[in-house]
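# Observations on the model geometry
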Amino acid sequence: MKTYFRFLMCTIVASVLSLFIMEISVKNSMHLIPSTKNTRSSTGDHQNSTETSGFQPVGDANESYVYSAFYDNRDAPVIRIIAILHDHLTPDVFKCVSRIEAEQRVFYPAVLEYIPEPKWGYKYRSGIITCKLLNSSQNPEIISVVSSSTLDTEPSGNPSNYFHVQNHTILQRNFTRCVPAFYDFHDKMALIQMMETDLMFGMEMFIMYDFRNSTVDDVFRYYQRNGVLKLQQWNLPINTSDIHYYGQLAHVHDCLYRNMHQSKYVLFADVDEVVVSPLLKTWHGITDKYFRNKNRAAASFTSVFFPTFLNSTTKNFTGRSNAMKYNMTYFLKTTHARVLPKQGARSKVLVKPEFVSFMEIHKAVKFYNKAYHECSISTNDALLHHYRSKYSIDMRTPYAEDNVMHTLSEQLVPKIFETFSNI
């Protein structure tokens, strides 16, 4: 009996060992595409992962970088690739390539379009490389960008970047907010106030771009665990002084295409800004009124500065003690500068992403179809509150008082306090 038992144990051990060796052999023999995901330290919850395509070099003499790729079939099928590149490159400087078998590659013509911007004069600009697929049946899962000049010397076109093409077809939510890259950001209360206020109005998802040197990781993790935040690692590969505001226009368009056919509406606004609508009360209320016209693709909110360096209000409101203890500026700083009347002057925009092709920071500038257009939302219906700690030339007189946030304090102050305490 003992002999049989020893024989049985030896057989099991040998089988397990054989399977283990086989698994290692298979893994080592596979041709692995470079990973396109980075992960942030987490507590084990899968929603803490930081999903990102990540900047990868084209490998050309112009030091071009590509970030993400999206399938777009609104017209002829194409793939849009978000890029950061030198200014003044020609439209035909790139080609796209996909591998359909181990050694067989398919090349696609590509057109570079720079994202519209003022004449800032930086070395680098944000752009979109459009890969023109030959027919509707072509839908590569992996795409790469190579320079046309490289193909002259290396016809095989060995790429230095690989991207999974994101192809969204199912609408998942109504409202998403895109927030610019966080750099050297430390104000946890400002972030929590913005998110809780937006959530109360009906925002469903936030997409944020994390650069570096911020100390709000615990806030990120909290909202990731609650399923309302997706964090993109914005590992900018160039000197920040060589491009406008950490490549803001690049991640604006990444967020635009990332939400196409996933979110019905997308708001683009900074972390120190919040839309307040005392009359329409919710995001649904705003869109029900302003997007009745089927050709309306965007709506802009007029901005008004609330300088946080001014004295706090002396008026009483529900939750005042906690608001003062934790410096909840939305309720304490009620003095604002003159409302900026001109569309595009610090305004921020809500868009239907499948109708927009290009955006500036403060407005949509090119629509998928000429029939689509942008409108301005009446200041009686909603305002973009901009809570700024430093003086700006746009903080024009006369100043006025606005206590609309006090009408929300009974519901909102306890929620902000609870979230801050949990974090």
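About the criteria used
Residues numbered from 1 in each chain as written. Predicted model: local features only at pLDDT ≥ 70, side-chain atom pairs only at ≥ 80, totals over all residues. Heavy atoms only, no water. Helix = DSSP H or I, 4+ residues; strand = E, 2+ residues; numbered from the N terminus. Expected span 1.5 Å × (residues − 1). Buried < 20%, exposed > 50% of the residue type's maximum accessible area, 1.4 Å probe, protein only. Arc of directions from axis to C-beta. Pairing = 2+ DSSP bridges. Axes fitted to C-alpha atoms, helices over the stretch in contact; angles between N-to-C directions. Right-handed = clockwise from strand over helix to strand, strands pointing away.

Moving on to helix H9 (residues 409–422). Helix length check: H9 (14 residues) gives 19 Å between terminal C-alpha atoms against 20 Å at 1.5 Å per residue, within 8%. Here H9 has its buried residues at Ser409, Leu412, Val413, Ile416 and Thr419. One side of H9 carries all its buried residues, which in axial view fall inside an arc of 135 degrees. Exposed and oriented more than 90 degrees from the buried face of H9 are Glu410 and Gln411.

Here Thr397 and Pro398 are connected by a cis peptide whose omega angle stands at 5 degrees. Position of Pro398 among the secondary structure elements: in the loop between strand S21 (383–388) and strand S22 (400–401). In the Ramachandran plot, Glu63 falls in the positive-phi region, its phi being about 55 degrees despite a non-glycine side chain. One can find Glu63 in the loop between strand S1 (56–57) and strand S2 (65–72). Residue class for Glu63 comes out partly exposed when judged on its relative accessible area of 39%. The backbone of Tyr245 shows a phi angle near 45 degrees, a positive value even though the residue is not glycine.

Now for the sheet that holds strand S13 (residues 273–276). Read from one edge to the other, the open sheet built from 3 strands follows the order S13-S21-S15, with strand pairing classed as mixed. The open sheet terminates on both sides in strands that have one partner only, identified here as S13 and strand S15 (303–307). Between one strand and the next, the sheet's axes are offset by a mean angle of 30 degrees, whatever the strand orientation. Of the pairings in the sheet, the one linking S13 to S21 comprises 4 bridges and is antiparallel in character. Considered in S21, the bridge of Val275 is made with Leu384.

A few words now on the pairing of strand S10 (residues 205–212). With respect to burial, S10 is a largely interior element, 7 of its 8 residues being buried. With 6 bridges joining them, strand S9 (residues 173–183) and S10 adopt parallel strand pairing. Across the sheet, Tyr183 pairs through a bridge with Arg212, a residue of S10. With helix H3 (residues 188–201) bridging S9 and the parallel S10, this β-α-β connection has right-handed handedness. Here S10 pairs with strand S11 (residues 229–233) via 5 bridges, running parallel. In the sheet register, Ile207 faces S11, and the bridge partner there is Lys230. Once the chain exits S10 it traverses helix H4 (residues 217–225) before rejoining the sheet at S11, and the crossover so formed is right-handed.

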